[in-house]
Amino acid sequence: MYMTYGEPGGNALKKSRPLSPHLQIYRPMLTMIMSIAHRITGAALYAGTLLLAWLLIAASMGAETYATAASCVNSLPGKLILFGFTWALFHHLLGGIRHIIWESGHGFSHPQREWLAQATLIGGIVLTAGVWGIAYLVS
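Sequence order as written defines the numbering, with residues in each chain counted from 1. Per-residue local features of the predicted model are confined to residues with pLDDT of at least 70, and side-chain atom pairs are confined, for both listing and counting, to 80 or more; whole-chain, interface and lining totals are unaffected and use all residues. With hydrogens and water set aside, each side-chain value is computed from the structure's full complement of heavy atoms.

Novice: Which parts of the structure should I look at to understand the overall build of the chain?
Specialist: When helices and strands are counted, the chain shows four helices and two strands. Reading the secondary structure of the chain in the N-to-C direction produces β-β-α-α-α-α. A sequence separation of at least 24 residues applies to 58% of the contacts in the chain between residues at least 6 apart. Going along the chain from the N terminus, every DSSP run of H or I of four or more residues is numbered as a helix, and every run of E of two or more is numbered as a strand. We call two residues in contact whenever any of their non-hydrogen atoms come within 4.5 Å of each other.

Novice: Help me understand a nonpolar patch on the surface in this model?
Specialist: Only residues whose relative accessible area exceeds 30% and that take part in no salt bridge are eligible for patches, with like-charged residues grouped when within 9 Å of each other and nonpolar side chains (Val, Leu, Ile, Met, Phe, Trp, Tyr) grouped when within 5 Å. A 1.4 Å probe and the Shrake-Rupley method give the accessible areas. Residues count as covered only by the protein chains that appear here. A pairing counts as a salt bridge when a side-chain nitrogen of Lys or Arg comes within 4 Å of a carboxyl oxygen of Asp or Glu. On the surface, Tyr26, Met29, Met32, Ile36 and Ile40 cluster together into a nonpolar patch covering about 470 Å² of accessible area. Position of tyrosine 26 among the secondary structure elements: in the loop between strand 2 (12-18) and helix 1 (30-61).

Novice: Quick question: what am I supposed to make of the packing of helix 1 against helix 2 (residues 63-74) here?
Specialist: Angle between the axes and distance between the axes: these two values describe a pair of packed helices. Packing of helix 1 against helix 2 leaves a shortest axis separation of 7 Å and a crossing angle of 150°. Overall, the two elements helix 1 and helix 2 adopt an arrangement that is roughly antiparallel. Here helix 1 and helix 2 pass one another in a crossing that is left-handed. Across the interface between the two elements, Trp54, Leu55, Ala58, Ala59 and Met61 from helix 1 touch Thr65, Tyr66, Ala69, Ala70, Cys72 and Val73 from helix 2. Amino acids are sorted into nonpolar (Ala, Val, Leu, Ile, Met, Phe, Trp, Tyr, Cys and Pro), charged (Asp, Glu, Lys and Arg) and polar (every other residue, Gly among them). For the contact of helix 1 with helix 2, the per-class residue count stands at ten nonpolar, one polar and no charged. Think of each axis as a best-fit line through the C-alpha atoms, taken over the contacting stretch in the case of a helix, with angles from 0 to 180 degrees between the N-to-C directions. To sort the angles, those under 35 degrees are grouped as roughly parallel, those over 145 as roughly antiparallel, those from 65 to 115 as roughly perpendicular, and the leftovers as oblique. It is the rotation of the near helix from the far one that decides the hand of a crossing: anticlockwise by less than a right angle makes it left-handed, clockwise makes it right-handed.

Novice: Honestly, the side chain of threonine 41 in this entry has me stumped. Any pointers?
Specialist: Along the chain, threonine 41 falls in helix 1. What makes threonine 41 buried here is its relative accessible area of 2%. Counted as a polar contact is a pair of N or O atoms within 3.5 Å, where, for protein atoms, one must be capable of donating a hydrogen and the other of accepting one, and residues adjacent in sequence contribute only when both atoms are in side chains. Looking at threonine 41, its side chain comes within polar contact range of the side chain of histidine 92, at 3.1 Å. Filtering out sequence-adjacent residues up to four positions away, threonine 41 remains in contact with Trp87, Ala88, His91 and His92. The cut-offs for exposure are 20% and 50% of the maximum accessible area for each residue type, with area from a 1.4 Å probe on protein chains only; residues under the lower value are buried, those over the upper are exposed, and the others partly exposed.

Novice: Explain the packing of aromatic side chains to me, please; I cannot follow it from the model alone.
Specialist: For any pair of aromatic rings, the description rests on two quantities: the centre-to-centre distance and the angle between the ring planes. Only the six-membered ring of Trp is used, alongside the rings of Phe and Tyr, when aromatic pairs are assigned; centres must lie within 6.5 Å, and planes under 30 degrees apart are stacked while those over 60 apart are edge-to-face, with the rest tilted. Applying the stated criterion to the full structure yields two aromatic pairs. When the centroid spacing of 5.5 Å and the interplanar angle of 65° are considered together, the rings of phenylalanine 83 and tryptophan 132 count as edge-to-face. Of this pair, phenylalanine 83 sits in helix 3 (residues 76-103) while tryptophan 132 sits in helix 4 (residues 110-138), and the two are 49 residues apart along the sequence. Owing to a relative accessible area of 27%, tryptophan 132 belongs among the partly exposed residues under this scheme. Taking 6.2 Å as the distance between ring centres and 20° as the angle between the ring planes, the aromatic pair formed by tryptophan 102 and phenylalanine 108 counts as stacked.

Novice: Got a minute to help me understand the environment of threonine 120 in this structure?
Specialist: Its location among the elements puts threonine 120 in helix 4. For threonine 120, a relative accessible area of 2% gives the class buried.

Novice: What is the right way to look at the environment of isoleucine 57 in this model?
Specialist: When you line up the elements, isoleucine 57 lands in helix 1. On the accessibility criterion, isoleucine 57 (49% relative accessible area) is partly exposed. When the C-alpha atoms of isoleucine 57 and alanine 69 are compared, they prove to be 9.5 Å apart, with twelve residues separating the residues in sequence.

Novice: What is the right way to read the packing of helix 2 against helix 3 from this model?
Specialist: Two elements in contact, helix 2 and helix 3, have axes separated by 4 Å at closest approach and are oriented at 70°. The pairing of helix 2 with helix 3 is recorded here as roughly perpendicular in orientation. Where helix 2 approaches helix 3, its residues Cys72, Val73 and Asn74 are matched on the opposing element by Leu76, Gly78, Lys79 and Leu82. Taken together, the residues of the contact of helix 2 with helix 3 sort by class into four nonpolar, two polar and one charged.

Printed below as a string of structure tokens:
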């Protein structure tokens with residue numbers, strides 16, 4: 001795909017410079033998806049931290065206020081949000097470790113990049129399941 005540029009005199013010349021590639025051209029790769037997920041989980045952690053701060057502030061304001069906040073957190077939607085927050089926390093943590101490895105100059109070859117992306121994805125799921133499994137057994 002080439003773009004036509006006009007000259008000051010009004011004559012249009014066809015330049016042989018391609019347009020910049022758009023997102024439709026790129027094939028989604030695991031490392032690209034993990035990068036996008038890292039940014040999304042960072043935003044989710046911000047929202048989840050506000051939820052936990054609300055719970056702690058409610059606890060400091062008295063038993064009735066805390067009971068109201070705790071009932072919201074202990075409801076099914078509240079537990080789903082906490083589950084997602086736990087996953088976002090572990091996924092973002094492991095993504096940060098992956099970036100630290102890259103900052104040290106390691107893990108850039110093709111199999112290493114893919115392995116680190118898979119480890120981030122699988123590790124976040126396993127750690128989240130482990131925390132919630134332990135919480136279920138303890139309660």
